[in-house]
Every structure is written in structure tokens, then in C-alpha cells.
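# Structure assessment
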Protein chains: 2
Amino acid sequence: MAEHDAARAERDFLAAYDPRAFAPIAVTVDIVALTLRAGRLDVLAVRRGEQPFAGRWALPGGFVRAGRESLDEAAARELAEETGLDAAALGRVHLEQLGSYGSPARDPRMHVVSVAYLAFAPGLPEARPGGDAAGAGWLPVEAIAEAIAAAEQPDTVRVRPPQQGRRSGTYGGGTGRRPLPGEQPGERPGDLPAGPGEQAAGQGPPGAGGLAFDHGRILADGLERARAKIEYTPLATAFLGETFTISELRAVYETVWGAPLHAGNFHRKVLSVHGFVEPTGETGSRPGSRGGPRARLYRAGRARLLHPALLRPDREAGPR
Amino acid sequence: MAEHDAARAERDFLAAYDPRAFAPIAVTVDIVALTLRAGRLDVLAVRRGEQPFAGRWALPGGFVRAGRESLDEAAARELAEETGLDAAALGRVHLEQLGSYGSPARDPRMHVVSVAYLAFAPGLPEARPGGDAAGAGWLPVEAIAEAIAAAEQPDTVRVRPPQQGRRSGTYGGGTGRRPLPGEQPGERPGDLPAGPGEQAAGQGPPGAGGLAFDHGRILADGLERARAKIEYTPLATAFLGETFTISELRAVYETVWGAPLHAGNFHRKVLSVHGFVEPTGETGSRPGSRGGPRARLYRAGRARLLHPALLRPDREAGPR
DNA sequence: TTAATAGTGTCTGTTAGACATTATAGG
DNA sequence: CCTATAATGTCTAACAGACACTATTAA
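Quick caveat, the model's predicted, so the values are computed rather than measured. (Residues numbered from 1 in each chain as written. Chains lettered and ligands numbered in written order. Predicted model: local features only at pLDDT ≥ 70, side-chain atom pairs only at ≥ 80, totals over all residues. Heavy atoms only, no water.)

## Examining the overall build of chain A
If you tally the helices and strands in chain A, you get seven helices and 10 strands. Looking at chain A alone, contacts between residues at least 24 apart form 72% of all its contacts between residues at least 6 apart. For chain A, the accessible area works out to roughly 12,900 Å², and carbon and sulfur atoms hold 52% of it. (Helix = DSSP H or I, 4+ residues; strand = E, 2+ residues; numbered from the N terminus. Contact = heavy atoms within 4.5 Å. Areas by Shrake-Rupley, 256 points an atom, 1.4 Å probe, with all protein chains shown as cover.)

Here it is, written out as C-alpha cells:
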């Protein structure tokens, strides 16, 4: 290491002398912004106006302003620019780092390291349509499932035999709604608390038929993170407004997980996890209902972690 | 977004034309390499020979070679350089991305984005001592607990009231060993499946009394990730040799978590999780034992995920 | 009235954890 | 013999999930 450390210090010194003479690596942030609109999981995307991948959808993002902002700040800025949200509305958005992608081949022009972020937002307005650039909008996640599947092809992904996991159903099997037909269940081998890894970034046909660059993989990683995250944290509430009903919260889980949940068990479970939700004392009016009593309203509680967690149904166990 | 997208494409073009005229941000990888030596959790560190932070310990790392390697490859290369391991030995090491840190102030010389990696390794040999640089070595994690605590000070960390969580003990309370006196339990509010976030990176007294730069915070994030990771994955076996006894595996958990576990319950639990370990049919000779039957030997199983998980004791629930 | 929903109650199988017990080895 | 450990057994409380039931509203 010693020789290396010295060499590093040396290069550091040179870099400090003239940064532009060094480090021809660009740093960007890309955002996987998820929202629920009309019972569908949508991701924010922009249509590229320039080569490469001109005309293709891509995740919103941009360069980090060197010396002027942190990665978190860059991500928040890009998200604000892309959605047109003001600081107040942005305060309600959950934003967390997802992982970094830095294969030399992921951008054909130069070596670009992208730090990906994951955002959960309540139903947001239409994205700001493009001026002269091609445009922006919310895309149904299932509509680009093929892109995800394509990006999932390469090596690192272990193909799992279609054996049954041991946990057959969670709160599940009953009244379920919104089966999300297009969505293919469990595309990722569920490396849940792990970092995304970036072994296969830039591999395979880049964005074959789907998102530009390796954004298909980034989206897949973001979705898996989202699905895992709402198991252990109350962040599902970040997809909802200030107050919500238990049914609306259940719809979030069903949409993100792509699986129906048992209404009764879910209801009791949510209320039993302390700090997840707290009652407002009011009842909602629920437009678009097809009957039934008015549901009570809740708001997000103070817990940052759910104990016990709300585990997903169909998690595959090891061979049993 | 449109205007922004156009601007981005423009800059992309310029960057492609002359990369050196753009992006004065350096990209490095830093490694949190953990190993178990003599029942202690050690982290690989190098002593800096140059300013800033000359003479201080830092995480091993270095610049990503632009256009020539991915982030994963850079991390593996740096780890190999620092430990002197060959490719074969490195194959037994688990290496995963931890998160990226990019506050403009985290390095006083220029804007440096560091992509941190986390490594689990079985008892490794002494690190290669420095040539002319100050040196390298394995540091007991608890010895730099103060540095972690210092880096944990700033804003983002929520101070938790000392109330009791509801899960009072896991496999626990019994015969426990190695109480890790210096280790302060639960320094991180346990945002487990989250990315580390980097809000406070570079905040506070940089490396006050501890590691250089924001490496104290990176180490803290790595430790939390490690503690969470062995709950859901069989990666605790990455700290051990090819074969091991259940007791040795328990020692890994006790050391990483810093809490004693109940031997009997742990034993039964591990064997009940399918694909965690598989018996070799042999029994070990266990030098240094103080009596008792010879334990059976196991090797790591094929499962990549533990179901059900081995949850840590003392995880705090929401207010109960 | 019918259908759909909110919210509760009850039952069963599984699991975590406390605790006890037996067997095997070293000093 | 004494002590420490390996490995297994037993008991209890908690929990997940299945299922049933009531009450309330829209159409």
C-alpha cells in the first residue's frame, strides 16, 4: 500500500494544483422518482433529444456542480428541476441514495460515474414538458418491464428455479385488488439490504428496447430497494398525502409489491405496529367508493423503523 | 426540465470533445474492510503520510482509473494492493458497494466523490506495511469508536430516548462471551436497508480525533451495514474459513453485533434456516478449548438470503 | 336490496426466546 | 471430580395468515 499511498498523495497534490489536468471522469446524479398515480406505479423519465440514445427515455439527472453542492443537494436540485416542485413540496418527498454506477462503457462518450437516487413522492403533477428537449413525463413502471428484464439478462443475475418459497402468502390471498398483470414478480433475487452492486452495468445491449444507458438496471435496482424499504420502514406513507386511510396505505403496498394483500389482516397488522400510523380522529369521504362505511383517517407516525416488519409475500427461501 | 435537458446534452457534447475541459471532480474508491482477528473486529486502515491529515489513519482507497475500470474493479484492485492478497484469496472476500460521499468540503483540496465499499474477509495476514508512506494495518474497531461517535454528532442523527425496545433479547442473555466493553451499542438509528445517505458528510470537525476526512462516518455506515447484512444473509460465513463450527459462527455474530447470544437457541436456529450451513460430516479438533465435546464442522450453504432472518437483539421498536 | 368495503374476532401453525437436560471432553 | 461446552428438548408468548362475521354505505 505504501508505494500506492505515496503515489496517491502525489496525485492529490497535482490535482490540487490544477484540477482540470486530472480526473477525466464526470459525475452525475440520476433519479429514480416513483409516485402513485391512479393506482399505478409511475417513474419519472425524460426523453433524450441528443445522441446517444436520442429519442429514448432516460432517468432524469445531470452533472454534479463541482465544488458547489453535495450529491444529496445535486439530487434534490435535479428532482426539483424535473418536477417543477418548490422547496415546500419537495420537503414531503423522500430522497435517498441508491448506489453508484461507474462502468467505463456505460456512456459511449466518456467515463461517467452516476450516483443514483431513489425518491418516493405522493401523486405529483405532470412533469414539466420539454421546451426544445424532447420532453418529460411519468411512465408506468410495468410499461418498461421489458427493459428491466433485458437489463437483468447478463451474467450476475442468478436464475432461480421456479420452486415455491416457503412463505406462501402474507395477509394474502383474499380480497386483493390490482393484480398488476404486466408486472413480473420477483425479477430480482432480492439482495435486499445490499448495495445494488454494479458488476453488470453497461453490459448487454445498452438499454435494449428500453431506457437509455444502464438506466434499466438502475430502475430495477430502485424498484427492488423500494419494495424492500417499505417492509422495514413506514416510507409507504411517503406515497400518500398528509392523511390517508388504511385502505389507501394497503393500495400502496399492493401496487409496489404487485401482489394482493388480505384487507383484514393488513388492517390489524398496521395498527399493531407502534408508531407506523396515528389516528387523526376524522373519517374520510372517499370519492370513487363503491359502498361501505367511511374509513377513519390516519397520518404517518413517528417510527422510522417498523417492528415487526411487514414482510412481503412470496419471498423465496433457500431450498427447502 | 427541458431547458435543463438541452443544457445537459450540450455539456455532454463538450465533455466528449475534451474531457479535461470539464468535470473537475475526482472519483475515488474507499474500502471498509472488516475481518475478525483473535475474536476482535478489525478494520483495514492506512496511515497518511501527506497533508491533509498527515499522520492520521484513513480508510484504504485510491483514484478510479478513468476509462479503464469499473467501480467494482477499482475497489477490488485497491483491496488487493492494500492487503497483498492474490486473486485466489480475493475470491473468498465478499465485496459490495456501500455508498457514495460527495460533499464539496470533505476534501480540502478539491471536490472528491468517494464511492465506498464494504468488504468481509476471513482472518487476513498483516497488511503490507508502508514503504515510505506511513504504513498500514488492522485497527480494532472499538479503538476508533470515539471517532465514530464524533462523526455521528451532527444534525441528521436523531437522538433516541433510552427507552427499552420490545424485543428484549435474541437467543440471548445466557452464556455470552466477549461483551466488547468499548463498543457503544446502537450508535446508528438503524436505517437498515437504506443507503447510507451523505447529508452530514464533511460536517463537524473533520475526523476529529479519529479517521481522516469523513472516513469515520463511512466506517460507521459500513459497520451498520455489516450488522444489518448478517441478519438477512449468510455473509457471516465470509469471516470464517472454508469449514467452521456453529460456535465459531456464533462468535462472528457476537463480535459484529457486540452482544452475547444464547448458545443453544443460536445453534438450533442456524440449523433450521435452510441453506445457511451444511454439515461436512467431520468434527473439529478445536485448539484452545477448555473442554467439552468436539463440535461438528459445517460449510456455507447455497442460500443467498436467510429465511427467516436472524434478527439482532435490542432492535428498538417504536414507542411501545 | 345488493354489493362492496371497514373494522373485529377467532383459530391454527410457526417462531423466538427462556430454560432445562444430557453427553463429551480438558484440567 | 469439576467445569465448560455441544447438542437437543420443552415450554410459553408472540405473530402471521386463514377465515368468519358485523356494520355501514353507494348504487
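Next comes the rest of the account.
## Quick notes on the packing of aromatic side chains
For the coordinates displayed, the defined rule picks out nine aromatic pairs over all chains. When the centroid spacing of 5.3 Å and the interplanar angle of 65 degrees are considered together, the rings of Tyr232 of chain A and Tyr232 of chain B count as edge-to-face. Taken as a pair, Tyr232 of chain A in helix 5 (residues 215-232) and Tyr232 of chain B in helix 5 (residues 215-232) lie in two separate chains rather than in one. When sorted by exposure, Tyr232 of chain A lands in the same class as Tyr232 of chain B, which is buried. Each member of the aromatic cluster is reached from another via a ring pair, and the members are Tyr253, Trp257 and Phe266 of chain A. (Phe/Tyr/Trp six-rings, centres within 6.5 Å; stacked < 30°, edge-to-face > 60°. Buried < 20%, exposed > 50% of the residue type's maximum accessible area, 1.4 Å probe, protein only.)

## Re the environment of His262 of chain B
All names here are of chain B. Assignment of secondary structure puts His262 in the loop between helix 6 (246-257) and helix 7 (263-272). Sequence spacing of His262 and Arg225 is 37 residues, and the spatial spacing of their C-alpha atoms is 23 Å. At 3.1 Å, the side chain of His262 and the backbone nitrogen of Asn265 are in polar contact. (Polar contact = N/O pair within 3.5 Å; in protein donor to acceptor, adjacent residues only side chain to side chain.)

## Focus: the nonpolar core
Val27 and Leu79 of chain A together with Val27 and Leu79 of chain B are the most contacted members of the largest nonpolar core, which has 44 residues in total. Where this core is concerned, the elements lending two or more residues are strand 1 (26-37), helix 2 (71-83) and strand 6 (112-121) of chain A together with strand 1 (26-37), helix 2 (71-83) and strand 6 (112-121) of chain B. Discounting chain neighbours no more than four positions away, the residues touching Val27 of chain B are Ile25, Val27 and Val113 of chain A together with Gly62, Phe63, Val64, Leu71, Val113 and Val115 of chain B. (Core = buried A, V, L, I, M, F, W, Y, C linked by side-chain atoms within 4.5 Å.)

## Describing the side chain of Arg48 of chain B
Inspection of the secondary structure assignment puts Arg48 of chain B in the loop between strand 2 (40-47) and strand 3 (57-58). Side-chain polar atoms of Arg48 of chain B contact the backbone oxygen of Pro52 of chain B, separated by 2.7 Å.

## Describing unusual backbone geometry
Going from Gln51 of chain B to Pro52 of chain B, the amide bond is cis rather than trans, its omega being -5 degrees. With respect to the secondary-structure elements, Pro52 of chain B resides in the loop between strand 2 and strand 3. With an omega dihedral of -5 degrees, the bond running from His307 of chain B to Pro308 of chain B counts as a cis peptide bond. Its place among the elements puts Pro308 of chain B in the segment after strand 10 (296-300). Residues other than glycine seldom take positive phi values, yet Ala38 of chain A does so here, at roughly 55 degrees. Its location among the elements puts Ala38 of chain A in the loop between strand 1 and strand 2 (40-47). When its relative accessible area of 85% is taken as the criterion, Ala38 of chain A is described as exposed. Phi angles above zero are rare outside glycine, and Phe53 of chain B is one such case at about 65 degrees. You can see Phe53 of chain B is positioned in the loop between strand 2 and strand 3. Given a relative accessible area of 16%, Phe53 of chain B falls into the buried group.

## Some details on the sheet that holds strand 9 (residues 277-283) of chain B
Residue and element names in this part refer to chain B. Strand order across the open sheet formed by three strands is 8-10-9, with antiparallel pairing between neighbours. Of all the strands in the sheet, the pair left with one neighbour each is strand 8 (243-244) and strand 9. With two bridges connecting them, strand 8 and strand 10 associate as antiparallel partners. The residue bridging Phe244 from the neighbouring strand is Tyr298, located in strand 10. (Pairing = 2+ DSSP bridges.)

## So, helix 5 of chain A
The end-to-end C-alpha separation of helix 5 of chain A is 26 Å, in line with the 26 Å expected for 18 residues at 1.5 Å each. Extensive coverage of helix 5 of chain A is indicated by the burial of 18 of its 18 residues. (Expected span 1.5 Å × (residues − 1).)

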